[in-house]
Amino acid sequence: MKLTEHVLKSFKVAKVFRENSAVINSMDFWPSGETLISSSEDDSLVIYDCKDGKPKRTLYSKKYGCDLIRYTHAPNAVLHASNKTDDTVRYLSLHDNKYLRYFQGHTKRVTSLEMSPVDDSFVSGSIDKTVRLWDLRSPNCQGLMYLNQALTPPVVSFDPEGLIFAVGIDSQHVRLYDLRSFDKGPFATFRLVRDPTVEWTSLKFSRDGKLILLSTNGNNIHLLDAFQGTVLQTFVGHLNTKKLKLEASFTPDGQFVLSGSQDGKVHAWSVEHGHRVTVLEGSHPGPTYSAQFNPKLMMLASACSNMGFWLPTVEEEG
């Protein structure tokens with residue numbers, strides 16, 4: 001089935017999972033779409049089977065907490081940030097629930113974390129005003145960038161080919177770096193008009209690498225041309241008056257952008273035209289912090305303290 005506006009409008013909650021006692025702060029699909037893993041403020045990691053529509057397993061990080069959960073290139077290993085005890089990034093084996101490596105260096109909470117789409121490198125950004133490059137095979141930081149003048153935490157991401165990484169600074173500048181020569185400085189810098197009332201909370205490339213999506217803790221989400229830096233769309237209509245860290249995302253085909261909302265709904269906009277396509281109402285009693293489309297299957301997931309799996313209720317267009 002092709003994802004169209006008609007199909008997207010038909011999505012309904014098929015299953016609700018109440019595995020968590022606190023907010024689900026992040027989630028990540030395995031690239032095949034067969035599994036989804038979430039992290040929560042209750043210190044748990046829950047693995048879901050997306051084909052069977054059920055939780056598979058729950059692991060705990062009681063000592064360190066967990067946030068910014070990210071699959072590595074192995075289905076049984078993940079990275080996550082810590083929100084208790086220290087600010088270390090941890091590399092966890094899901095097979096035996098043991099840590100494979102610790103990545104120490106940040107002195108304040110890590111607020112942005114992304115795996116390279118092609119190899120074992122990853123990038124992290126922190127409230128300590130640094131961006132660090134790492135490799136899963138070494139505990140030592142592979143690259144360090146100081147942003148001493150920054151007023152807000154940086155947001156980071158890789159492009160789909162893993163050759164470029166982007167850093168959003170001060171909720172105003174996007175800098176693009178070549179991974180092989182980042183120490184020479186950015187090869188491109190885009191400047192946006194800064195809104196002093198909001199902060200950028202995440203940065204994502206579209207799957208074709210042509211677009212950049214900037215989530216904020218306010219009532220707007222920005223879509224940029226990844227080559228020129230021009231603002232193509234500003235998506236509005238969702239609710240976020242409490243400065244929540246809501247995470248917007250692209251659908252796999254790049255046609256639509258999804259975001260949660262303070263009122264528990266999921267909003268979807270057209271990338272090409274900018275208009276809001278639909279508002280999906282499910283069974284979220286609290287704010288939907290994350291809404292993501294499955295990379296392979298025709299389903300989406302959204303999370304507050306509950307996890308919702310959504311499916312289309314039409315067979316084909318028309």
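Residues numbered from 1 in each chain as written. Predicted model: local features only at pLDDT ≥ 70, side-chain atom pairs only at ≥ 80, totals over all residues. Heavy atoms only, no water.

Trainee: Help me understand the overall build of the chain, please; the structure alone is not making it clear to me.
Mentor: Per the secondary structure count, the chain includes 1 helix and 28 strands. In terms of overall size, the chain behaves like a compact globule, its C-alpha atoms giving a radius of gyration of 18 Å where 318 residues would be expected to give roughly 20 Å. Expressed along its principal axes, the backbone C-alpha trace of the chain runs to roughly 55 × 45 × 35 Å. Relative to its full complement of 318 residues, the chain shows a buried share of 58%. Restricting to contacts in the chain with at least 6 residues of sequence separation, those with at least 24 account for 45%. As displayed, the chain offers around 13600 Å² of accessible surface, 48% of which is attributable to carbon and sulfur atoms. Here the chain carries 35 positive and 35 negative side-chain charges, and the mean point of each set is 4 Å from the other. (Helix = DSSP H or I, 4+ residues; strand = E, 2+ residues; numbered from the N terminus. Rg over C-alpha atoms; globule rule 2.2 N^0.38 Å. Buried < 20%, exposed > 50% of the residue type's maximum accessible area, 1.4 Å probe, protein only. Contact = heavy atoms within 4.5 Å. Areas by Shrake-Rupley, 256 points an atom, 1.4 Å probe, with all protein chains shown as cover. Lys, Arg positive; Asp, Glu negative; His and termini not counted. Charge placed at Lys NZ, Arg CZ, Asp CG, Glu CD.)

Trainee: Where do I start with the environment of Phe122 in this structure?
Mentor: Its location among the elements puts Phe122 in strand β11 (residues 121–126). Taking C-alpha positions, Phe122 is 8.5 Å from Arg132, a pair spaced 10 residues apart along the chain.

Trainee: Got a minute to help me understand the sheet that holds strand β1 (residues 12–17) in this structure?
Mentor: Backbone-to-backbone hydrogen bonds pair the strands of a sheet. The strands run either parallel or antiparallel. On the basis of which strands lie adjacent, the open sheet formed by 4 strands has the order β1-β28-β27-β26 and antiparallel pairing. Edge positions in the sheet fall to β1 and β26 (290–293), since each has one partner strand and no second. In this sheet, adjacent strand axes meet at a mean angle of 20° when their direction is disregarded. The sheet contact formed by strand β27 (residues 300–303) and strand β28 (residues 307–311) spans 4 bridges and is antiparallel. Bridge assignment links Ala303 to a residue of β28, and that residue is Met307. (Pairing = 2+ DSSP bridges. Axes fitted to C-alpha atoms, helices over the stretch in contact; angles between N-to-C directions.)

Trainee: Help me understand the pattern of salt bridges, please; the structure alone is not making it clear to me.
Mentor: Pairing is possible between side chains of opposite charge, provided their charged atoms come close. Here the structure, examined in full by the defined rule, presents 10 salt bridges. In this structure, Glu34 engages Lys51 in a salt bridge whose closest nitrogen and oxygen atoms are separated by 3.9 Å. Here Glu34, found in the loop between β2 (24–29) and β3 (35–40), pairs with Lys51, found in the loop between β4 (44–49) and β5 (54–60); they are 17 residues apart in sequence, far enough to count as distant. Assessed through its relative accessible area of 39%, Glu34 is described here as partly exposed. We classify Lys51 as exposed; its relative accessible area is 57%. (Salt bridge = Lys/Arg side-chain N within 4 Å of Asp/Glu carboxyl O.)

Trainee: When you look at the nonpolar core in this model, what are you seeing that I'm missing?
Mentor: Here is a general trend for soluble globular proteins: nonpolar side chains tend to be buried in one another's company. Leu3, Leu8, Phe11, Phe293 and Leu300 are the most contacted members of the largest nonpolar core, which has 15 residues in total. Mapped onto this core, the elements with two or more residues apiece are α1 (5–9), β23 (256–260), β24 (266–270), β25 (276–280) and β26. Look past the residues within four positions of Leu300 in its chain and what remains in contact with it is Phe11, Leu258, Leu280, Gln292, Phe293, Asn294, Gly308, Phe309 and Trp310. One finds Val155, Leu176, Leu214 and Leu224 within the second-largest nonpolar core, a separate group that totals 14 residues. (Core = buried A, V, L, I, M, F, W, Y, C linked by side-chain atoms within 4.5 Å.)

Trainee: Teacher, can you tell me more about the packing of aromatic side chains here?
Mentor: Describing an aromatic ring pair means giving the distance of the ring centres and the angle of the ring planes. Scanning the model with the defined rule gives 15 aromatic pairs in all. Summarising the aromatic geometry, the rings of Trp30 and Tyr71 are spaced 5.4 Å apart at their centres and angled 70° between planes, so their arrangement reads as edge-to-face. Of this pair, Trp30 sits in the loop between β2 and β3 while Tyr71 sits in strand β6 (residues 67–71); the two residues are 41 residues apart in sequence, bridging distant segments of the chain. With respect to class, Trp30 is no different from Tyr71; both count as buried. Taking the centre distance of 6.1 Å and the plane angle of 65° together, the rings of Phe165 and Phe182 count as edge-to-face. Of the two residues, Phe165 sits in strand β15 (residues 164–169) while Phe182 sits in the loop between β16 (173–178) and β17 (188–191), which places them 17 residues apart along the sequence. (Phe/Tyr/Trp six-rings, centres within 6.5 Å; stacked < 30°, edge-to-face > 60°.)

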